[in-house]
Amino acid sequence: MAIRKKSTKSPPVLSHEFILQNHADIVSCVAMVFLLGLMFEITAKASIIFVTLQYNVTLPATEEQATESASLYYYGIKDLATVFFYMLVAVIIHAIIQEYVLDKINRRMHFSKTKHSKFNDSGQLSAFYLFSCIWGTFILISENYISDPTILWRAYPHNLMTFQMKFFYISQLAYWFHAFPELYFQKTKKEDIPRQLVYIGLYLFHIAGAYLLNLNHLGLVLLVLHYFVEFLFHISRLFYFSDEKYQKGFSLWAVLFVLGRLLTLILSVLTVGFGLARAENQKLDFSTGNFNVLGVRIAVLASICITQAFMMWKFINFQLRRWREHSTQAPAVKKKPAVTKGRSSRKGTENGVNGTVTSNGADSPRKRKDKSS
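In what follows, the accompanying structure is described.

Definitions and cut-offs
- Residues numbered from 1 in each chain as written.
- Predicted model: local features only at pLDDT ≥ 70, side-chain atom pairs only at ≥ 80, totals over all residues.
- Heavy atoms only, no water.
- Helix = DSSP H or I, 4+ residues; strand = E, 2+ residues; numbered from the N terminus.
- Buried < 20%, exposed > 50% of the residue type's maximum accessible area, 1.4 Å probe, protein only.
- Salt bridge = Lys/Arg side-chain N within 4 Å of Asp/Glu carboxyl O.
- 1 Å grid on protein atoms, 1.4 Å probe; cavity = no way out; pocket = protein on both sides within 12 Å on 5 of 7 lines; lining within 4 Å.
- Points joined across faces, edges and corners; volume = space filled by probe spheres on them.
- Nonpolar A, V, L, I, M, F, W, Y, C, P; charged D, E, K, R; others polar.
- Patch = residues over 30% accessible without salt bridge, like charges linked within 9 Å, V, L, I, M, F, W, Y side chains within 5 Å.
- Areas by Shrake-Rupley, 256 points an atom, 1.4 Å probe, with all protein chains shown as cover.

Considerations on unusual backbone geometry
Logical step 1: Residue Pro157 is bonded to the preceding Tyr156 through a cis peptide linkage, with omega at 10°.
Logical step 2: Assignment of secondary structure puts Pro157 in the loop between helix H5 (113-142) and helix H6 (163-185).
Logical step 3: In the Ramachandran plot, Asn214 falls in the positive-phi region, its phi being about 60° despite a non-glycine side chain.
Logical step 4: Among the structural elements, Asn214 can be located in the loop between helix H7 (193-212) and helix H8 (216-242).
Logical step 5: The exposure class assigned to Asn214 is buried, which follows from its relative accessible area of 1%.

Focus on the pattern of salt bridges
Logical step 1: Within this structure, the stated rule accounts for three salt bridges.
Logical step 2: Of the charged contacts in the structure, one is a salt bridge between Arg237 and Asp121, with a shortest N-O distance of 3.8 Å. Separated by 116 residues along the polypeptide, Arg237 in helix H8 and Asp121 in helix H5 bring together distant segments of the chain.
Logical step 3: On the basis of relative accessible area, Arg237 is assigned to the buried category, the value being 15%.
Logical step 4: Judged by relative accessible area, which is 30%, Asp121 ranks as partly exposed.
Logical step 5: With its nearest N and O atoms 2.8 Å apart, the salt bridge here joins Asp148 to Arg154.

A closer look at empty space enclosed by the protein
Logical step 1: By the definition in use, this model includes one cavity of 30 Å³ or more.
Logical step 2: Among the elements that line the lining of the largest cavity, the one with the most residues is helix H10 (residues 294-329), at three residues.
Logical step 3: Of the residues belonging to the lining of the largest cavity, the class tally is eight nonpolar, one polar and one charged.

Focus: a nonpolar patch on the surface
Logical step 1: A cluster of nonpolar side chains, contributed by Met32, Leu35, Leu36, Leu38, Met39, Phe40 and Ile48, occupies part of the molecular surface with about 660 Å² of accessible area.
Logical step 2: A per-element tally of the nonpolar patch places helix H2 (residues 23-37) first, with three residues.
Logical step 3: Here Met32 is to be found in helix H2.

This is how it looks when you write it as structure tokens:
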């Protein structure tokens, strides 16, 4: 009897290409594990930390709100689990937009590799910025931020948040954390990774700073203002890719970008430099979440001012680069060739007028026939 040899093949391993092509399915399976965990009593306590918002407090009804009690939230270490779960959700939504919207447009437009990458980037960000602007504006209106600007610094620390406010910040952190694995999934070029890391890091630093320092009111206003300007830029770039003659959107964005930077500085100085500086309670207290001290206020204003200066520097470089591109692409004025007597040089006939190659046969003189001896 023949003895069968044992198979020495190693078990299948998830290759790089497999992960790139099926990352949405893999992430969906991981997210479903947490959702299915809610169905069983043993795993429900662990899964609920990932899926639902934590640290809720029910306040009794007051004279102003005698009808029902209010449920508010504060932050804690368990929020990291919630951010992780909604980061997975952001990866899934990213893949859905890419597959069912952006990829179909790319097939019709036949973009180059460079335009293909930029189009996908602007398409994803424009959808996120539009959704965040609408959601943030709804919160501003519902909580009377627009009618009463003093709410930005009044009754600080703002350690208790409504459900909409906390879920907004959790979603923002989850989206920008999901951008890290997307650098791997989208095969980002190595030379573009440092720029993307700085871009993502600035968002996470400021959003997390506003969340942890209980400056969520100011952070919400500045985010909506910034997202609106960024949405206009990316939607203008989408129109530009479809028709390169479209330039009006960039002109409007340039004006609003400068105004947005000025409004950001004004609101920051008004809230941190004047409103919080005049508050009665200016003692550092971690238990109540009060960070209204001179050192923290200076750090907050310094980080905002440095970031706005950095953005203006990038903006000026962008505008100068566009100006150079337009100046080089402008059609040069053709000079009339000077009429010279006598025979034209052989070099002139080969290179055409002013050294340019001519394809028209009428521009080159006919060769003379050799006289027969």
